[in-house]
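Examining the three-dimensional arrangement
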Amino acid sequence: VHLDASLDIVAKAPQFAALLHNTTTGNCMLGQSFLRFLAADERPRVKARFFDGAHGSDGTSQDSICTCFQDAFGISLRCQMFIAKFEDLDGSPSYVVGLNEMEERVPVEDGSVQFSVSPMLDTLPDLSEEPRRIPEPERIGRSQSAYVGRASSG
């Protein structure tokens with residue numbers, strides 16, 4: 001997301017709009033305040049990180065912060081936010097913000113949303129099952145080093 005000195009979005013941000021399920025704006029959030037998409041209690045803290053951060057001698061800086069956004073359905077969304085500051089061609093400060101969603105939003109039957117901090121845990125195998133036996137390798141041809149496993153039936 002590309003922001004100007006007042007933290008308004010200055011370039012179309014379709015991926016940011018999709019992250020927040022914001023499909024009502026045809027301009028992909030262009031011209032809107034970036035801060036308005038944050039959870040209300042996060043706005044002062046995040047704004048301070050944009051303006052109070054340490055800057056390099058060339059006017060650039062980078063920072064990282066964990067924060068919460070509010071999506072179009074009012075659901076809080078935790079993200080890791082990466083902020084890079086630079087000077088625009090006219091010398092005014094500009095920012096590029098990258099976001100990494102820290103939780104997986106999973107809809108449940110009653111229409112609410114459940115969060116899963118680690119979506120990888122949902123894909124782990126059931127360890128209570130009997131482990132499958134790996135077939136013994138079978139030598140093929142005259143080569144001593146070429147082995148292939150034969151698929152077992154059943």
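Going by the structure above, here's the rest.
First, a word on what this report is: a plain description of the structure on this page.

What counts and how
- Residues numbered from 1 in each chain as written.
- Predicted model: local features only at pLDDT ≥ 70, side-chain atom pairs only at ≥ 80, totals over all residues.
- Heavy atoms only, no water.
- Pairing = 2+ DSSP bridges.
- Helix = DSSP H or I, 4+ residues; strand = E, 2+ residues; numbered from the N terminus.
- Contact = heavy atoms within 4.5 Å.
- Axes fitted to C-alpha atoms, helices over the stretch in contact; angles between N-to-C directions.
- Phe/Tyr/Trp six-rings, centres within 6.5 Å; stacked < 30°, edge-to-face > 60°.
- Buried < 20%, exposed > 50% of the residue type's maximum accessible area, 1.4 Å probe, protein only.

1. Describing the sheet that holds strand 3 (residues 76-87)
Ordered by their spatial adjacency, four strands build an open sheet running 1-4-3-2, and the pairing between neighbours is antiparallel. Among the strands making up the open sheet, the edge pair consists of strand 1 (2-3) and strand 2 (61-70). Of the strand pairs in this sheet, strand 1 and strand 4 (residues 93-101) are connected by two bridges, and their pairing is antiparallel. Across the sheet, the residue bridging to His2 is Val96, located in strand 4. Against the sheet, helix 2 (residues 43-51) makes contact with strand 1, strand 2, strand 3 and strand 4, and its axis sits at roughly 165 degrees relative to strand 2, the strand it touches most.

2. Remarks on the packing of aromatic side chains
Scanning the entire structure with this criterion turns up seven aromatic pairs. On the numbers, 5.6 Å between centres and 85 degrees between planes, the contact of Phe16 with Phe37 is edge-to-face. Of the two residues, Phe16 is situated in helix 1 (residues 14-19) and Phe37 in the loop between helix 1 and helix 2; the sequence distance between them amounts to 21 residues. Each member of the pair, Phe16 as well as Phe37, is classed as buried. Geometrically, the ring pair formed by Phe16 and Phe69 is edge-to-face, given 5.7 Å between the ring centres and 75 degrees between the ring planes.

By themselves, these figures tell us nothing about what the structure is for.
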